[in-house]
Every structure is written in structure tokens, then in C-alpha cells.
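# Structural overview
Now for the letters of each chain:
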Amino acid sequence: MPPTLASLVHHSALKLTVRAGEERLDAPVRWAHASELADPVPYMEGGELLLITALKLDAEDPEAMRRYVKRLAGAGVVGLGFAVGVHYPDIPEALVDAATDADLPLLAVPRRTPFLAISKAVSAAIAAEQYRAVTAGFAAQRELTKQTLSDGPEGLLLALAGQVDGWAALYDASGAVVATAPEWATRRAARLTADVERLRERPAPASSVVAGAEDRVELHSLGAGRRPRAALAVGTASTLGTAERYAVHSAIALLTLTTERSRSLHAAEQRIGVAVLRMLLAGEPDHARTVAGDLYGGLLDAPFRLVVAEVASASAARVRAGADDNGDGAGGQEGGAASAAVLAAVADVSGGGDPLAALVDVVEAAAARSGEALLVVPYGERLVLLVVDGGAGARACAQYAAALEAGRGVAGREPAASGEQAELVMGLSAPAGPIAAATAYKQAEQALSVARRRGRALVEHEELAAGSVLPLLADDAVRAFADGLLRALHEHDATGRGDLVASLRAWLSRHGQWDAAAADLGVHRHTLRYRMRRVEEILGRSLDDPDVRMELWLSLKATSMGSD
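In this text, all values refer to a predicted model and were calculated from it rather than measured experimentally.

Per the counting criterion, the structure on display carries 25 salt bridges. One salt bridge in this structure joins Asp520 and Arg510, with 2.7 Å as the shortest N-O distance. Placement of the pair is Asp520 in helix α18 (residues 514-521) and Arg510 in the loop between α17 (500-509) and α18, with a sequence separation of 10 residues. With a relative accessible area of 35%, Arg510 lands in the partly exposed category. Among the charged side chains, a network of salt bridges with common partners joins Arg188, Arg191, Glu214 and Asp215.

Quick look at the packing of aromatic side chains now. By the definition in use, this model includes 3 aromatic pairs. With 6.1 Å between their ring centres and 55° between their planes, Phe82 and Tyr88 make a pair best called tilted. Taking relative accessible area as the criterion, Tyr88 reaches 15% and is therefore assigned buried. Ring centres of Trp507 and Trp514 lie 5.4 Å apart, and the angle between their planes is 35°; this geometry places the pair in the tilted category. Taking relative accessible area as the criterion, Trp507 reaches 4% and is therefore assigned buried. For Trp514, a relative accessible area of 22% corresponds to the partly exposed category.

With that settled, consider the sheet that holds strand β7 (residues 177-181). Taken together, the 5 strands give an open sheet; going across it, the order is β7-β6-β10-β9-β8, and neighbouring strands pair in antiparallel fashion. This sheet does not close on itself; its edge strands, each paired only once, are β7 and β8 (207-211). On average, each strand axis in the sheet is inclined to that of its neighbour by 15°, with strand direction left out of account. Where strand β6 (residues 167-172) meets β7, 4 bridges bridge the pair, whose relative direction is antiparallel. What sits directly across from Ala168, in β7, is Ala181. Here helix α7 (residues 242-259) sits on the sheet in contact with β6, β9 (216-222) and β10 (230-236), set at roughly 35° to β9.

Take helix α13 (residues 392-407) next. In this model α13 runs 22 Å from its N-terminal to its C-terminal C-alpha over 16 residues, within 8% of the 22 Å that 1.5 Å per residue would give. Among the 16 residues that make up α13, 12 are buried, leaving the element largely enclosed by the rest of the structure. Listed in full, the buried residues belonging to α13 are Ala392, Gly393, Ala394, Ala396, Cys397, Ala398, Gln399, Tyr400, Ala401, Ala403, Leu404 and Glu405.

The rules behind each value
Residues numbered from 1 in each chain as written. Predicted model: local features only at pLDDT ≥ 70, side-chain atom pairs only at ≥ 80, totals over all residues. Heavy atoms only, no water. Salt bridge = Lys/Arg side-chain N within 4 Å of Asp/Glu carboxyl O. Helix = DSSP H or I, 4+ residues; strand = E, 2+ residues; numbered from the N terminus. Buried < 20%, exposed > 50% of the residue type's maximum accessible area, 1.4 Å probe, protein only. Phe/Tyr/Trp six-rings, centres within 6.5 Å; stacked < 30°, edge-to-face > 60°. Pairing = 2+ DSSP bridges. Axes fitted to C-alpha atoms, helices over the stretch in contact; angles between N-to-C directions. Contact = heavy atoms within 4.5 Å. Expected span 1.5 Å × (residues − 1).

Below is the structure:
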């Protein structure tokens, strides 16, 4: 406890007596200051015990004393010490009455007690309090460290709650509550999710105070990078003292260490991940399990999905996605509503952040909350992820992709914003096991190619078989081939010598049935036979060849899509 007026009154060496304001002696004293100015208020900060001899005061004038005491009380002075026997044999009644009316403690200082003794007593008490606070802070740090090593973040939160006589909670990057102590604080901590999300938007390190009717909560971001990886909430009934502040700062440092992995450890895990992935793709699942050990072993014991992600320019990622009649969002994987972490990641990417890094943050946070194993491997300019089939990591990918597409407007449309921007595209394989990892990788690559072509953020391999091949004809190279193949027929028709293109389309659509195709065109079947012979002559190809029929039909479809 800091020194109070009561502790000074009870100080046996000072011999102070109370003449007014007895009920306010519990006020803490920040400092003791002597001043003979008629108006010392401009030099006060609040919390002082002001010591006077009334050298320049008319202490017997009631009106002057009321004005003097009122200004002192208004400036936050907690008490007034009057030296008895210096200029006045006793404290004048005008000053006593003014102090009583203002409820300002008034202490009589005997002549044998110098003001310096009072100042020293206050200074010694403040120093002792600071020493106790520092000692308690170091003790708290040792206890918090011990609990962290033995019980992890949960043990640290429990110890911290006891140190501050309140509650503590840990949040992940999305604002979701990870742990609380004591347990009754879970509901209180959950109501602060929006405040944690706002804290995440500020540059780290950041903190804020949320004052409620039931407590006062301090929020602190955790993490060594630009983007916070977690947040700590500490709820108390009042403002933290020095010792409690030491404990909170220690908790922040320890939690940062537990949430941030060292660069060397991260690099080592990445090397293991690369080795595991290469062994899986090489068809060596048993060796992959051995290398993975406890780090990724659980991931290989159940069906997983393989995600291949890369960054493409916005113009390349949006290649006539409007032609994709089957595009209905970011894949069929059930994602649900986007979490706060997903929305924050999308906002970060929109502000120029790294899309791949944001994807890793989102998926890692989701997997960590669910206790799932996750493999993240940088693979050249791509990022490869192995996520549990149907798990939180897979759902996070789908949510992230859906949020990205929503941020771009309707999926596949050209955004209004100008300039070239990097956009994330992902391909997701079908569920697979370790023995089929190479097949899953090919599936993910195929889905990635389609996602890039359609301007989609995510395409699942299952969509490729369930959809149509026709949207793939929107490729520029395919249309160029189609235009070249049919150019001679279009040039023939432009001279008005017969509608060969329309006749070819009708004949192919009727699978070579002359009567049905002629009826569609409104001509005699002999006319149609003549036109088909002219097509063969002009193109130098036989319509009896099924490959020729296929090429002509796809070319007709490609050119019709380009003219729509």
C-alpha cells in the first residue's frame, strides 16, 4: 500500500494531529511538498500533502481561507499540514473552519517536527512500496514461468488470475476464446470478441481498456510480428497496481514466447514437412510416417485432402470466368459463415498483404482451435497443405476462398479497382490416404488449373467431373484453333454461296441423321448432302472420321461461346 495520511498520523516520530477531515485520512499521498505561495495550485499535480507556515497568508480571514482551501481541494491536494508555533501559535479557526467545510484533512505539525522529516517519511514509504511491488513482481514472474512450463497457457492464466485478484483469458487471432481462468469468466471473456478483433487491426504491440459495469478489462495483443497471433484479457475490479502490472507484463512475455515459434524451429519443421511431402508423392507412405513422427503422424492415419495454392495476377486469374456456367462460389466444401480470422485475413490481403501468408494464418488458427494436425509446405512458388478431410482446416480454406470472392465482387467479374493485384487461387483434391498422395496432388493441380482459368479462388476436383468440359473451351488458344479450323467455311458463307457452318452444326447436333438435320434447316436432304461434301472439300477432311467430327463440334461450341 502507498503511504496515506493515516499512516503519517500514526508515524510515532512525526507527532501529527488531525484538526479537520478525519474521515478522509485513507487518501494515498503521492508526495509531501512545502510552499508558502499564496496560490500554489499551478505547481500541484494532485495527490500531494501541502506543508505551510502561512507566511504569506492571512490565515485569520475566513473568506480568504475559504477561497484558498477550495482551490487546493479542486487541484487534488489530499491534505494540508500547518506548522504550529512558527507564525501562528495555533492553527487559526478560519483555516480550520474552511478545511472542515471543504472536507480537506488538516494536520497540525508541531514545531519540533521539520517539514523535511515529513517529506522523508513519505519518500521512504513510497520507496518501500515500490520495492515490495518489484519483489512481488519478480515472485509473480517466477510463479507464472513455473506454471507455464508445467501446465502451459492454461496454468499461466490461472496463476495470473490469482496474482491480480481477477480473471484472465487467452484469445486466438480471430478473437475466439482459447482458455480462461477461473472457469466462470468464460462468458465474460466471450463478450469481448469484438474488442479483440478491433485490437488486432492496430499495429502490434497494442493494448486497450474496456470499462464495464462489473469490472475493468485490459486487452493486450500477443506476437512478435506485424500481425498479432493472439490476445490476452485481464479483468479486475479496479486499476492494476504496480505489482499486478509486473505480473501482467510477465504474462504477456511468456504467452508471446508460447505463441511465437522461433525461426530455427519453424525452419526445421518446414524441412521435415518437405521431406514428408516428397516421400508421399514418391509413393513411400511408410517412410513418410516414420519421418513425420508425432509432428504430422496423426494426419496420415485418416483421409486427408491436399490443397495446392498459388498467387496469380488479377488479370490472369479472371479469364472469362463468366463463361463458367457451373461456377457457384468457392467450391463445394462446406465452409459456413466466414470467421473473424478469415475476414481479417481478407482485409489484410486487400490492403496489400501476402495472400499465401494470410491463408496459412487462417488455416493454422482453425486447425489449432480444433486440435487437428496440419502440414504446410512451401513448394517452389506454390503452397501445399495437407488438411484433415472434413476438418476445420478444410472448412477454413473454403471460408477463406468464399470471402476472397465476395471481396472481389461477384466471382469472376472484373473489379472496379484499377491496377494489377495478386489474387490467390487454390485447387482441392478429393479425399485420399497416404498411398494415393501422388494422385491427390495431380487432382489438386488439375483443380488449380481450372480455378485459374475460371477466375475462381477455389475449385474442388469433384467439381471437374460433376461439371461440363465446355467452359474450358473459353481458353484463348482453343478459340484461336477453332477460328482457324472454321475460317474457310465462314469465308465461303460470306460470299452468299450457302450456309455451310449452320448446316454443319445442324448435322453434327443430329449425329449425322440426314432427314432430321435437313428438317431443322428447312432444306431437302440432298441439299444437305451436297453441303456436307462441300465442307469436306473445303476443309480437306473426312466427316466419317470421329476425331474430325469431335474437333468440328468443339470448334463450333468454342466460337459460339466467344460470340455470346
